[in-house]
Amino acid sequence: MKNFVGFKSVALGSLLAFSAANAVDINVSTYGKLGSLGSIDFSGGGKHFAGVLANAGADFSLTNGFRWGLGAIGAWTPYDSDSKAQPYGSDGDASEAYIGYKNRLISFYAGRFKNDFMKFDWLQGNVQGLSLRFTTYEDKMVYWLTYANSYLYNGKQHNYLQGDRIAGDLSSLTAYMNGTSKNPLFGKGELVAGGVDFTYKGFLLKPFVLFHSGAGTANALLLQGGLKAGYAFDFKGLEGTTVLQGMFQYWDRPKDSISGLVWGDQSFRYKKQFLFGAGIVGVLGGAGSHIYALSDSSKFYGRSFAGSSANIAPYFANGSFYGYVFGGFDFKWVRLDAMAAFGTYQEYSLMSNFHVWQQKNMGLDLGVGYAYIKNNITGSSSNFSDNALKVFAKFSY
């Protein structure tokens, strides 16, 4: 960490000196949020809690494309029923500390930064490492490469049609480092992932490969290879998006080392306000493992309501086979997400977000949601049930 801090200081100093010498304009963008989340457990486990999470930072960019930023995140649990819930695995950390460069064709970041610009479903949120994304002049092909040696988990989960899962970013916090130990959800190893994004007249094709030398709490070698294919159309205000995904996974664990994911999703959006659709998911392999997924692009709320240190995405447990239907709407002052999943994974969730106040780039959101979630896989140690009501308030700018 000392070397990382030293590198950051030298890099930032060099950029400042460079900008002063060449009279380059500096643009500053600040951001932050302060939120509170309360959970009432109806499953009989007594996992009631009230949590507070804050995140603030600033991004600096030069007109010649260079940029850098700093940010911090912290969380506190003022009430936790007999320490049963423990929603926050860490008190806080430096969430962002990066340098980068961006123009029309190239985006590059190094340090601690939000990896969302990579548009890689399985590694959204904050990473510690470096990422490069290169777009061709025709805007049809994108080549990308990511290296990460740790990950800050705060429950972020983004769907490209519906947006972030409501209040997901208030539900958890596990820092990049706990002393000299890395985030246990990430593991002790190093991660490298790369792929190609191809788009043409509504068609989408995204192959990728991912290698991790010591993934998860098992700290075992992981290899994933996958393909995401899709087609989108727009017919008189009705937009349709079909997405098919497949993944092969080898995880060098004592048992159930081979897994496979097959996933189909059909979404419709009407006048950019109403969203509805259905999907089906199958996870191949023995009922003792799961797909390693630090993030994903699903529409489920299972992460924020029932995720665990062993499997933060319970709907990707080996042996799963289930279908789901979903719906919702998003107006200026209110958003609603509804989900019903049936099969080996069950979820009945309803989550709301009310935009009660907005002033320029500042806003206050209030919301309430309920979810019943259950895994029921024959012979699996991943089986569980959860049943909770959550309320939240979030001020952001």
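The notes below deal with the structure included here. Just so we're clear, the structure is a prediction, and the values are computed from it rather than from any experiment. (Residues numbered from 1 in each chain as written. Predicted model: local features only at pLDDT ≥ 70, side-chain atom pairs only at ≥ 80, totals over all residues. Heavy atoms only, no water.)

### Section: the overall build of the protein
So, point 1. Each helix and strand in the protein was counted, giving two helices and 22 strands.
So, point 2. Over its C-alpha atoms the protein spans a radius of gyration of 21 Å, differing by no more than 12% from the 21 Å that the globule rule assigns to 397 residues.
So, point 3. Principal-axis analysis of the C-alpha atoms gives the protein an extent of 65 × 50 × 50 Å.
So, point 4. Per-residue burial for the protein yields a buried fraction of 51% across its 397 residues.
So, point 5. Within the protein, residue pairs in contact and separated by at least 24 positions form 58% of the contacts whose partners lie at least 6 positions apart. (Helix = DSSP H or I, 4+ residues; strand = E, 2+ residues; numbered from the N terminus. Rg over C-alpha atoms; globule rule 2.2 N^0.38 Å. Buried < 20%, exposed > 50% of the residue type's maximum accessible area, 1.4 Å probe, protein only. Contact = heavy atoms within 4.5 Å.)

### With respect to the packing of aromatic side chains
Where two aromatic rings form a pair, the distance of their centres and the angle of their planes describe that pair.
So, point 1. By the definition in use, this model includes 25 aromatic pairs.
So, point 2. The ring of tryptophan 251 has arginine 253 lying over it, and the distance from NZ or CZ to the ring centre is 4.4 Å.
So, point 3. Across the ring face of phenylalanine 305, the terminal group of lysine 390 is positioned such that the distance to the ring centre comes to 4.7 Å. (Phe/Tyr/Trp six-rings, centres within 6.5 Å; stacked < 30°, edge-to-face > 60°. Lys NZ or Arg CZ within 6 Å of the ring centre and 35° of its normal.)

### Considering the nonpolar core
So, point 1. Formed by 65 residues in total, the largest nonpolar core has its most connected members in Phe120, Trp122, Leu261, Phe300, Phe316 and Tyr324.
So, point 2. A per-element tally of this core places strand E7 (residues 141–152) first, with four residues.
So, point 3. Once you skip the residues sitting within four places of it in the chain, phenylalanine 120 turns out to touch Trp144, Tyr160, Ala193, Phe208 and Leu210.
So, point 4. If you look at the next biggest cluster of nonpolar residues, it comprises five residues, including Val24, Leu62, Ile99 and Ala110. (Core = buried A, V, L, I, M, F, W, Y, C linked by side-chain atoms within 4.5 Å.)

### A word on the environment of valine 281
So, point 1. In this fold, valine 281 is placed in strand E17 (residues 274–284).
So, point 2. It is 5.7 Å that separates the C-alpha atoms of valine 281 and phenylalanine 321, two residues lying 40 residues apart in sequence.
So, point 3. When near neighbours in sequence (up to four residues on either side) are disregarded, valine 281 contacts Leu261, Val262, Trp263, Ser320, Phe321, Tyr322 and Tyr324.

### Observations concerning unusual backbone geometry
So, point 1. We note that lysine 119 has phi near 55°; this positive angle belongs to a residue other than glycine.
So, point 2. Among the secondary structure elements, lysine 119 is positioned in the loop between strand E5 (106–114) and strand E6 (126–135).
So, point 3. With a relative accessible area of 44%, lysine 119 lands in the partly exposed category.
So, point 4. Here the phi dihedral of lysine 236 falls at roughly 50°; this positive angle occurs in a residue that is not glycine.
So, point 5. Tracing the chain through its elements places lysine 236 in the loop between strand E14 (220–235) and strand E15 (238–251).
So, point 6. What makes lysine 236 exposed here is its relative accessible area of 75%.

### Points about the pattern of salt bridges
So, point 1. If you walk through the whole model with that rule in mind, you get 18 salt bridges.
So, point 2. Aspartate 164 serves as the salt-bridge partner of lysine 156, at 3.3 Å between the closest nitrogen and oxygen.
So, point 3. Residue lysine 156 is classed as buried on the basis of its relative accessible area, which comes to 16%.
So, point 4. Note that arginine 165 is salt-bridged to aspartate 337, the shortest N-O span being 3.6 Å. (Salt bridge = Lys/Arg side-chain N within 4 Å of Asp/Glu carboxyl O.)

### Some thoughts on the pairing of E6
So, point 1. Burial of E6 is extensive: seven of the 10 residues sit out of reach of the surface.
So, point 2. Bridge analysis of E5 against E6 gives nine bridges, and the strand direction is antiparallel. Its bridge partner lying in E6, lysine 114 is registered against asparagine 126.
So, point 3. Of the strand pairs in this sheet, E6 and E7 are connected by 10 bridges, and their pairing is antiparallel. In the strand pairing of E7, leucine 132 is matched with leucine 145. (Pairing = 2+ DSSP bridges.)

### Re the side chain of serine 172
So, point 1. Inspection of the secondary structure puts serine 172 in the loop between strand E9 (163–164) and strand E10 (177–178).
So, point 2. Contact partners of serine 172, with chain neighbours within four places excluded, come to Leu53, Pro87, Tyr88, Tyr153, Asn154 and Gly155.

### A word on the side chain of histidine 212
So, point 1. Among the structural elements, histidine 212 can be located in strand E13 (residues 203–215).
So, point 2. From its side chain, histidine 212 meets the backbone oxygen of phenylalanine 186 in a polar contact 3.0 Å long.
So, point 3. For histidine 212, the side chain forms a polar contact with the main-chain nitrogen of glycine 214, separated by 3.1 Å.
So, point 4. With near-sequence residues (within four places) excluded, histidine 212 lies in contact with Phe186, Gly189, Glu190, Leu191, Ala220, Leu221, Leu222 and Tyr292. (Polar contact = N/O pair within 3.5 Å; in protein donor to acceptor, adjacent residues only side chain to side chain.)

### Observations concerning the pairing of strand E4 (residues 92–102)
So, point 1. Here strand E3 (residues 66–80) runs beside E4; their pairing, made up of eight bridges, is antiparallel. Bridging from a neighbouring strand, isoleucine 73 pairs with aspartate 93 of E4.

### Considerations on the environment of serine 396
So, point 1. Position of serine 396 among the secondary structure elements: in strand E22 (residues 384–396).
So, point 2. Separated by 348 residues in the primary sequence, serine 396 and histidine 48 have C-alpha atoms spaced 25 Å apart.
So, point 3. Sequence-distant contacts of serine 396, that is, excluding residues within four places in its chain, are made with Gly32, Lys33, Asn361, Met362 and Gly363.

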